[in-house]
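Examination of the molecular architecture
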Amino acid sequence: MTDLPMWHPPSGRGPGLVLIQEIFGLDDYLRSVAADLAAAGYVVAIPELFRRTAPGWSSTHDEAGVAASMEVAASFDPELGLADVLETMAHLRSLPEVESGVGLLGFCLGGSLAFAAAAEGDPDTAVSFYGSTVAASIAELSRVTCPIQFHFGGQDPYIPRSDVALVEAAVAAHPGAEIHVQEEAGHAFHNHVAPMFHHPEAAARAWTLTTEFLRRTLPGSR
């Protein structure tokens, strides 16, 4: 994992965050999120989930790009992706500049993997944005021992509102878990380089909730 794309905070040291990609790959959007998190005091690493089948993948954010990304994602092995996330988390823990713990933050495909890795591994905190497999695997929440935050859009065409309600019910019974639904937003609403998805108001609200949650559960370096 020595060739991981990484971002460091101004101090050079801080808690680690594994940032987990959407199907669009390591694009300008994900790089901007990594830079924002590093500026907030985190050592950020992004595992390349499609490296086995489409190394270096990054797509456009129009309908053609979505179709191409869906095709690439169709050959993705979730178990290998989960292993990559867990390995990245362990790698961050091994670095001398990483202190005070390691968390997870993922969008879309990465949102599903952030939840899976929170159940399977030992992160200090986790944030999952609109993961499409979260509802179907919500029983795994019982295995999550760290604080975890979920985000969904109420108008997501890929994740029915009834599925989100299943997550809401499970979260209500699980200490340390919280969920926030931007009812007017669809899928990938935080992605500011994807006009077909981006919902600026919902994105701003969700990101404020995310950064406040991270400050409570895994404060960045000063």
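Structure first, text after, so check above.
Since the structure is predicted, the reported quantities are computational estimates derived from the model, not experimental observations.

Rules used throughout
Residues numbered from 1 in each chain as written. Predicted model: local features only at pLDDT ≥ 70, side-chain atom pairs only at ≥ 80, totals over all residues. Heavy atoms only, no water. Helix = DSSP H or I, 4+ residues; strand = E, 2+ residues; numbered from the N terminus. Buried < 20%, exposed > 50% of the residue type's maximum accessible area, 1.4 Å probe, protein only. Contact = heavy atoms within 4.5 Å. Core = buried A, V, L, I, M, F, W, Y, C linked by side-chain atoms within 4.5 Å. Phe/Tyr/Trp six-rings, centres within 6.5 Å; stacked < 30°, edge-to-face > 60°.

1. Re the environment of Ala-119
Inspection of the secondary structure assignment puts Ala-119 in helix 4 (residues 109-120). Residue Ala-119 is classed as buried on the basis of its relative accessible area of 6%. Counting along the chain gives 24 residues from Ala-119 to Arg-143, while the straight-line C-alpha distance between them is 5.0 Å. If we skip the residues at most four places from it in the chain, Ala-119 touches Glu-140, Arg-143 and Val-144.

2. Re the nonpolar core
A general tendency of soluble globular proteins is for nonpolar side chains to be buried together. Of all hydrophobic cores here, the largest spans 75 residues; its most connected members are Leu-19, Phe-107, Tyr-130 and Phe-150. In terms of residue count, the dominant contributor to this core is helix 4 (seven residues).

3. Comments concerning the packing of aromatic side chains
This model, assessed by the stated rule, comprises nine aromatic pairs. Ring plane angle 75° and centroid distance 5.6 Å describe the contact between Phe-50 and Phe-76, whose orientation is recorded as edge-to-face. One end of the pair, Phe-50, is in the loop between strand 3 (43-45) and helix 2 (63-74); the other, Phe-76, is in the loop between helix 2 and helix 3 (78-94), and 26 residues separate them in sequence. Among the residues examined, Phe-76 registers a relative accessible area of 12% and is labelled buried. Each ring, one from Phe-107 and one from Phe-129, has its centre 4.7 Å from the other, and the planes form 35°; the classification is tilted. Separated by 22 residues along the polypeptide, Phe-107 in strand 4 (residues 98-107) and Phe-129 in strand 5 (residues 125-129) bring together distant segments of the chain. The rings of Tyr-29, Phe-107, Phe-129, Tyr-130 and Phe-189 are connected pair by pair, giving a single aromatic cluster.

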